[in-house]
Amino acid sequence: MSEEIPQSELTLRTVAMPSDVNVNGDIFGGWVLAQMDIASGIVAAARAQGRVTTVAVDAMKFIRPVQVGDVLCVYAFVERVGRTSMAIGLEAWALRRLGGAREKVTEGRFTYVAIDEEGRPRLVPEEGLSKG
């Protein structure tokens, strides 16, 4: 993945707030992880055409800290699709409050399973098929 520009479409944008800081004054890694889970869930649910559940955080790399006031931009994309599961790749970039610079702060890969109304695994539809 390139360091200069995000490698997929923007999925989620949010502002890092003072209530999200750790004892060092940086934004909690868990808060960033939660934003990435939300973004990847959006992409996974769209690809699965229905309910999904996170089953694994396969990779997570914290590159730079996120600061209060930064706009966290999460880019998520489908990396792999199996019978019932899919891997979603992610990049998180911070638009810095001071100076407006854009920096890659985190990257990762989450695995989701498509589930039915009872929470059991179901097949991921072939791409391009519509629900119903």
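This write-up is about the structure you can find in this document. If you're wondering where the values come from, they're calculated on a predicted model, not measured in any experiment.

When its secondary structure is counted, the protein chain shows one helix and five strands. Along the protein chain, helices (α) and strands (β) appear in the sequence β-α-β-β-β-β when read from the amino end. For the protein chain, the C-alpha radius of gyration of 16 Å lies close to 14 Å, the compact-globule estimate for 132 residues. If you line up the protein chain on its principal axes, its C-alpha atoms span 50 × 30 × 25 Å. Looking at the protein chain as a whole, 39% of its 132 residues qualify as buried. Contacts in the protein chain between residues at least 24 apart in sequence constitute 71% of all its contacts with a sequence separation of at least 6. For the protein chain, the exposed area adds up to about 7,300 Å²; of that, 53% sits on carbon and sulfur atoms.

With that out of the way, let us pick up the nonpolar core. Counting 24 residues, the largest nonpolar core has L72 and V74 as the members making the most contacts within it. Of all elements in the fold, only α1 (29-48), β3 (71-81), β4 (85-95) and β5 (102-114) reach the threshold of two or more residues within this core. The element that contributes the greatest number of residues to this core is α1, accounting for seven residues. Sequence-distant contacts of L72, defined by excluding residues within four places in its chain, comprise L12, R13, T14, W31, V32, Q35, V66, A92, W93 and V105.

Rules used in this analysis
- Residues numbered from 1 in each chain as written.
- Predicted model: local features only at pLDDT ≥ 70, side-chain atom pairs only at ≥ 80, totals over all residues.
- Heavy atoms only, no water.
- Helix = DSSP H or I, 4+ residues; strand = E, 2+ residues; numbered from the N terminus.
- Rg over C-alpha atoms; globule rule 2.2 N^0.38 Å.
- Buried < 20%, exposed > 50% of the residue type's maximum accessible area, 1.4 Å probe, protein only.
- Contact = heavy atoms within 4.5 Å.
- Areas by Shrake-Rupley, 256 points an atom, 1.4 Å probe, with all protein chains shown as cover.
- Core = buried A, V, L, I, M, F, W, Y, C linked by side-chain atoms within 4.5 Å.

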